[in-house]
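Survey of secondary and tertiary structure
For reference, the chains in residue letters:
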Amino acid sequence: MSGIVAALFLLAAIVYSANWTQGILFIIGLMLGAALLYARFGFTSAFRRLVSIGNVQGLQAHMLMFAISTTLFAIILSTGFSFTGVTPAGYVSPVGIPVLFGAFLFGIGMQLGNGCASGLLYNLGGGTSSMVLTLFAFITGSTLGAYHFSFWMQETPTLPPISLATSTGLGYFGAWLVQIILFTVIYWITIQVAKKKNPPMMKPLPTTTGWKKVIRGSWPLLTAAIVLAILNALTLTVRGTPWGITSAFALWGGKTLNTLGVDVTSWGYFTGANSEALKNSVLSDSTSVMNFGIILGAFISASFQGTFKPKKIKPGVAGASILGGLLMGYGSRLAFGCNIGAYFGGISSFSLHGWVWMIMALLGTFAALFIRPMFGLKNPSSKDTFC
């Protein structure tokens with residue numbers, strides 16, 4: 001009940017200080033948090049299970065999610081459809097050294113922190129104590145990345161933004177067809193990998209039956225994939241850009257330093273819209289508002305399930321959480337986003353940088369498998385009953 005009261009209070013504050021568009025985005029955030037928590041929908045765990053033992057269930061859910069989001073994005077971006085009159089624009093970012101290095105760092109970081117950007121928020125709301133450390137480290141790393149942003153963008157080799165739809169002559173239908181073929185091929189490959197490796201399956205989540213399953217049980221992974229794709233497309237039609245998470249962390253860090261007397265407006269990152277965001281309330285920042293919604297949505301869902309049970313943090317986990325958060329924060333600034341803004345939003349927007357992010361994050365995940373045991377973190381094993 002406390003979560004619902006907090007959500008209603010924050011919704012009223014958002015609408016009062018900003019507008020109903022921000023309020024709607026907060027509600028979408030609540031729904032995102034619920035979907036992530038109910039299915040324990042993972043990006044970090046999906047990559048780790050794939051690279052370590054060949055479990056493909058998570059990646060298969062990603063491909064279904066992408067097939068739906070790509071279809072919806074193609075319709076929205078090609079027609080300019082919007083509920084608020086804001087012309088929709090996808091996340092199409094440059095491809096270069098910053099993305100390569102940043103996504104690789106992020107891949108390592110999310111495996112050490114036991115959660116990506118979305119995983120951090122919904123696990124924090126779900127009661128995972130170590131995520132408090134990861135969040136503060138993430139904000140710190142993201143702020144440091146903002147401080148170094150101009151160097152990486154101006155002093156390292158970078159190609160211009162490349163859209164499979166608008167930079168190639170394929171158009172949105174042609175780009176949609178290319179990506180659907182890619183998703184299908186990847187899905188087929190995952191089937192072959194599963195047949196060859198015969199990995200342990202994901203551990204079933206505790207659930208219930210009947211209508212109670214909606215609010216007290218656990219959702220199938222593929223159900224959450226469909227919901228997340230629809231909600232991302234809805235976000236695009238409401239605020240004009242896809243779902244994102246980590247720009248808010250840089251903003252929170254920048255505002256904190258500003259309060260302490262540091263002139264962050266001299267940094268290359270805090271120009272234009274980012275500079276304006278520094279002057280306004282965080283309740284006027286759509287990404288911040290959605291992040292608050294995700295945390296509260298997960299908290300409410302975990303309360304319904306009875307799974308909100310914070311535990312003590314082991315020293316090794318604490319160290320890994322802090323290092324992982326720093327790497328994710330810094331990497332996300334270089335790579336123009338995280339698993340949501342760069343991977344989910346980028347690929348859905350037909351951006352080449354989204355595909356590059358995926359490859360480099362997988363390589364970072366592979367590297368992290370050798371680092372995790374140093375902090376006492378266990379990797380999945382083919383001998384496990386479940387993974």
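An account of the accompanying structure is given in this report.

Scoring rules and cut-offs
- Residues numbered from 1 in each chain as written.
- Predicted model: local features only at pLDDT ≥ 70, side-chain atom pairs only at ≥ 80, totals over all residues.
- Heavy atoms only, no water.
- Helix = DSSP H or I, 4+ residues; strand = E, 2+ residues; numbered from the N terminus.
- Contact = heavy atoms within 4.5 Å.
- Expected span 1.5 Å × (residues − 1).
- Buried < 20%, exposed > 50% of the residue type's maximum accessible area, 1.4 Å probe, protein only.
- Axes fitted to C-alpha atoms, helices over the stretch in contact; angles between N-to-C directions.
- Parallel < 35°, antiparallel > 145°, perpendicular 65-115°, else oblique.
- Nonpolar A, V, L, I, M, F, W, Y, C, P; charged D, E, K, R; others polar.
- Phe/Tyr/Trp six-rings, centres within 6.5 Å; stacked < 30°, edge-to-face > 60°.
- Core = buried A, V, L, I, M, F, W, Y, C linked by side-chain atoms within 4.5 Å.
- Disulfide = S-S within 2.5 Å.
- Patch = residues over 30% accessible without salt bridge, like charges linked within 9 Å, V, L, I, M, F, W, Y side chains within 5 Å.
- Areas by Shrake-Rupley, 256 points an atom, 1.4 Å probe, with all protein chains shown as cover.
- Salt bridge = Lys/Arg side-chain N within 4 Å of Asp/Glu carboxyl O.
- Left-handed = near helix turned anticlockwise from the far one by under 90°.

**Concerning the environment of Leu64**
- Inspection of the secondary structure puts Leu64 in helix α4 (residues 57-79).
- As for Leu64 and Tyr187, which are separated by 123 residues in sequence, their C-alpha atoms are 8.7 Å apart.
- Contact partners of Leu64, with chain neighbours within four places excluded, come to Leu222, Ala225 and Ile226.

**Comments concerning α4**
- The end-to-end C-alpha separation of α4 is 34 Å, in line with the 33 Å expected for 23 residues at 1.5 Å each.
- Looking one or two residues beyond α4, the residue adopting positive phi is Gly80, at roughly 75°.

**Observations regarding the side chain of Asn232**
- Locating Asn232 in the fold gives a position in helix α11 (residues 221-239).
- Exposure remark for Asn232: the relative accessible area of 0% places this residue in the buried category.
- Those residues in contact with Asn232 that lie beyond four places of it in its chain are Phe73, Pro242, Trp243, Phe344 and Gly345.

**Structural notes on the packing of helix α3 (residues 44-53) against α4**
- Following both chains from N to C, one finds α3 and α4 inclined at 125°, their axes separated by 7 Å at the closest point. When the axes of α3 and α4 are compared, the pair comes out oblique. Here α3 contributes Ala46, Phe47 and Leu50 to the contact with α4, which in turn contributes Gly58, Leu59 and His62.
- Here the contact of α3 with α4 is composed, by residue class, of four nonpolar, two polar and no charged.

**Let's talk about the packing of aromatic side chains**
- Tallying each qualifying case throughout the model produces 27 aromatic pairs.
- Relative to Phe43, the ring of Phe41 has its centre 5.6 Å away and its plane inclined at 65°; by these criteria the two rings are edge-to-face.
- Among the residues examined, Phe41 registers a relative accessible area of 2% and is labelled buried.
- Residue Phe43 is classed as buried on the basis of its relative accessible area, which comes to 1%.
- Consider the rings of Phe106 and Phe138, whose centres lie 6.2 Å apart with planes at 65°: the pair is edge-to-face. Residue Phe106 is found in helix α5 (residues 97-112), and its partner Phe138 is found in helix α7 (residues 130-147); the two are separated by 32 residues along the sequence. As far as burial versus exposure is concerned, Phe106 and Phe138 are alike and both buried.

**Some points on helix α16 (residues 339-348)**
- Burial analysis of α16 places 10 of its 10 residues in the buried class, which makes it a mostly covered element.
- For α16, every residue scored as buried is listed here: Asn339, Ile340, Gly341, Ala342, Tyr343, Phe344, Gly345, Gly346, Ile347 and Ser348.
- Of the residues trailing α16, Phe350 is marked for its positive phi of about 70°.

**Re the nonpolar core**
- Grouped together as the largest cluster of nonpolar side chains are 83 residues, with contacts concentrated most on Phe41, Phe106, Leu228, Trp243, Phe249, Tyr343 and Trp357.
- Counting 11 residues, the second largest nonpolar core, distinct from the first, contains Leu10, Leu11, Val15 and Leu30.

**Considerations on the state of the cysteines**
- Summed over the entire model, instances satisfying the criterion amount to zero disulfides.
- The thiol sulfur of Cys116 is not disulfide-bonded, and the nearest other cysteine sulfur, from Cys338, lies at 7.3 Å.
- Classification of Cys116 as buried rests on a relative accessible area of 2%.

**Brief notes about a nonpolar patch on the surface**
- Residues Met1, Ile4, Val5, Leu8, Trp211, Ile215 and Phe304 make up a contiguous nonpolar surface patch of roughly 750 Å² in combined accessible area.
- Among the elements that line the nonpolar patch, the one with the most residues is helix α1 (residues 2-17), at three residues.
- The residue Phe304 is located in helix α14 (residues 286-305) in this model.

**Quick notes on the pattern of salt bridges**
- Per the stated rule, a full pass over the model turns up one salt bridge.
- Here Glu276 makes a salt bridge to Lys279, at a shortest N to O gap of 3.4 Å. Of this pair, Glu276 and Lys279 both sit in helix α13 (residues 273-279), separated by three residues, roughly a single helical turn.

**Description of the packing of helix α2 (residues 20-39) against α14**
- The N-to-C vectors of α2 and α14 enclose an angle of 40°; their axes lie 6 Å apart at closest approach. By the angle class used here, α2 and α14 are oblique. Both α2 and α14 take part in a crossing whose hand is right-handed.
- For the contact of α2 with α14, the per-class residue count stands at 17 nonpolar, eight polar and no charged.

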